[in-house]
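Summary of the model geometry
Listed here are the chains, written in short residue letters.
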Amino acid sequence: MIAGDGELDDLFQQWRGRIEALIQEHPMQIISWEATRRCNLNCMHCGSPAEDADHAEELTTDEVVGAFEQIARDFDMKQFRHINITGGEPFVRRDLLEVLRQIGQHSSYRNIDIQTNGVVLADNPALFDELKAVGVTGLGVSIDGLEASHDAFRRMPGCFAKAFEASQKAVESGYTVTVSVVAHSGNVDEIPELFELVKREIRPRVFRVMTIDPIGRAELDEQLLLSPAQLWQVIGFLQKEYQASCATYPDPSVTMVELGCGGWLGKELEGTLRPMIFHCIAGIINLGILYDGKLASCSNISREFIEGDLRIESIKDVWENRYQRYRDPSWRRTGRCADCDEWDYCHGGPMHQSDSHQRSCLGQALGSVLRTCDGDLLAYNWWPLSRYNT
């Protein structure tokens, strides 16, 4: 069903009001914990590379547990949704299960996602039962192309097979599984075939495609970046497959295709590639605990946007009294954003692009005829609520 212009304008205005209310109230609903910067791979695109970190500063077991206990004590947890654990590679932390056992004693911390390359999980299948016992409900596994492309991109022979095996076992074990692929110049032609393989052999809840950003190691290799034609190729794939599956999204047995955090697409495309309208949630509902105790948001955001340090400050005080750069985006209204008539929806795009000299705007790069799933962009209320549970 195609919504009329008037209906779409009303929907976007409702959504804009929802954003403004959340910015004003900034309820802490998601904790993103960067468990470590250490990793067992050396991926070409990594936005949080190990070489940029002082690993001696990594939080101890007691410090991590203490931080989560402090949050449970000081924050209103009624609106809290979930914990998202990233890295580096989270399973490199030998105390990960112990941390989860301790924080899992709090009822609010029983909905936990872990983002992984799958290597440790494939080598240690007993972890699937152990993780479920401590509150892990979702696993995100990265598969970045067919076997040769994935192994080259991740720079470890055999890691495709391990990621594939880990994903299959995660689905079989009853987790909500997201298979994520970073679309870059070397794998863009393989994405349709990869999707068919994943849908048939793994059957995850979500197949998520993210376009590569010029951050971290990828900033050093421009050849990885997508050309305009390749970007269109990705968008075309996503629009086709999302439209084919969005009507059955409530069915948990169906693999949903969606675009990950790539920025505002413009009013002509938002709602056609993912079951939400995009707005960066960093510092609005998403609190980030970095590997060394610094307080920010998503670990891909430059460390120049650190707002505090849990080793010496109250997390609640930092959340309530800082984060102005995340919640008041007026400082970002420069360059191509200055005169954009969709600024009130986008606010400058993802925070992880804020320090990039190659900052891009998907909304200004793309344009198409708007189609919506059942004509209602707000039907599932995904932003910024349950969609982030996968």
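These lines cover the structure that appears in this document, whether it is placed above or below. (Residues numbered from 1 in each chain as written. Predicted model: local features only at pLDDT ≥ 70, side-chain atom pairs only at ≥ 80, totals over all residues. Heavy atoms only, no water.)

**Topic: unusual backbone geometry**
The step from Gly-87 to Gly-88 runs through a cis peptide bond, and the omega angle for that step is 10 degrees. Along the chain, Gly-88 turns up in the loop between strand 2 (82-86) and helix 3 (96-103). In this structure, Arg-203 takes a positive phi of about 60 degrees despite not being glycine. One can find Arg-203 in the loop between helix 8 (191-201) and strand 6 (206-211). Phi is positive for His-347, which is not a glycine, with a value near 60 degrees. (Helix = DSSP H or I, 4+ residues; strand = E, 2+ residues; numbered from the N terminus.)

**Things to note about helix 2 (residues 61-74)**
In this model helix 2 runs 20 Å from its N-terminal to its C-terminal C-alpha over 14 residues, within 8% of the 20 Å that 1.5 Å per residue would give. For helix 2, the full list of buried residues reads Val-64, Val-65, Ala-67, Phe-68, Gln-70 and Ile-71. On its buried face, helix 2 is in contact with strand 1 (30-34), strand 2, helix 3, strand 8 (286-289) and helix 10 (315-321). (Expected span 1.5 Å × (residues − 1). Buried < 20%, exposed > 50% of the residue type's maximum accessible area, 1.4 Å probe, protein only. Contact = heavy atoms within 4.5 Å.)

**Points about the environment of Arg-322**
Relative to the helices and strands, Arg-322 is located in the loop between helix 10 and helix 11 (324-327). Measuring from C-alpha to C-alpha, the distance between Arg-322 and Gly-283 comes to 9.3 Å, with 39 residues separating the pair along the chain. Residues in contact with Arg-322, not counting those within four places in the same chain, are Glu-307, Gly-308, Glu-313, Asp-317 and Arg-327. Within the structure, the side chain of Arg-322 is placed 2.4 Å from the side chain of Glu-313, a separation counted as a polar contact. (Polar contact = N/O pair within 3.5 Å; in protein donor to acceptor, adjacent residues only side chain to side chain.)

**Some remarks on the environment of Ser-330**
As for its position among the elements, Ser-330 is in the loop between helix 11 and helix 12 (343-346). Taking the C-alpha atoms as reference points, Ser-330 and Gly-348, 18 residues apart in sequence, are found 8.8 Å from one another. Polar side-chain contacts of Ser-330 include one of 3.0 Å to the side chain of Asp-328.

**Side note on the packing of helix 2 against helix 3**
At a closest axis distance of 10 Å, the pairing of helix 2 and helix 3 adopts a crossing angle of 30 degrees. Put simply, helix 2 runs roughly parallel to helix 3. Handedness of the crossing formed by helix 2 with helix 3: right-handed. Within the contact between the two elements, helix 2 uses Thr-61, Val-64, Val-65 and Phe-68 and helix 3 uses Glu-98, Val-99, Gln-102 and Ile-103. Considered class by class, the residues forming the contact of helix 2 with helix 3 number 5 nonpolar, 2 polar and 1 charged. (Axes fitted to C-alpha atoms, helices over the stretch in contact; angles between N-to-C directions. Parallel < 35°, antiparallel > 145°, perpendicular 65-115°, else oblique. Left-handed = near helix turned anticlockwise from the far one by under 90°. Nonpolar A, V, L, I, M, F, W, Y, C, P; charged D, E, K, R; others polar.)

Interpretation in functional terms is not warranted from these geometric data alone.
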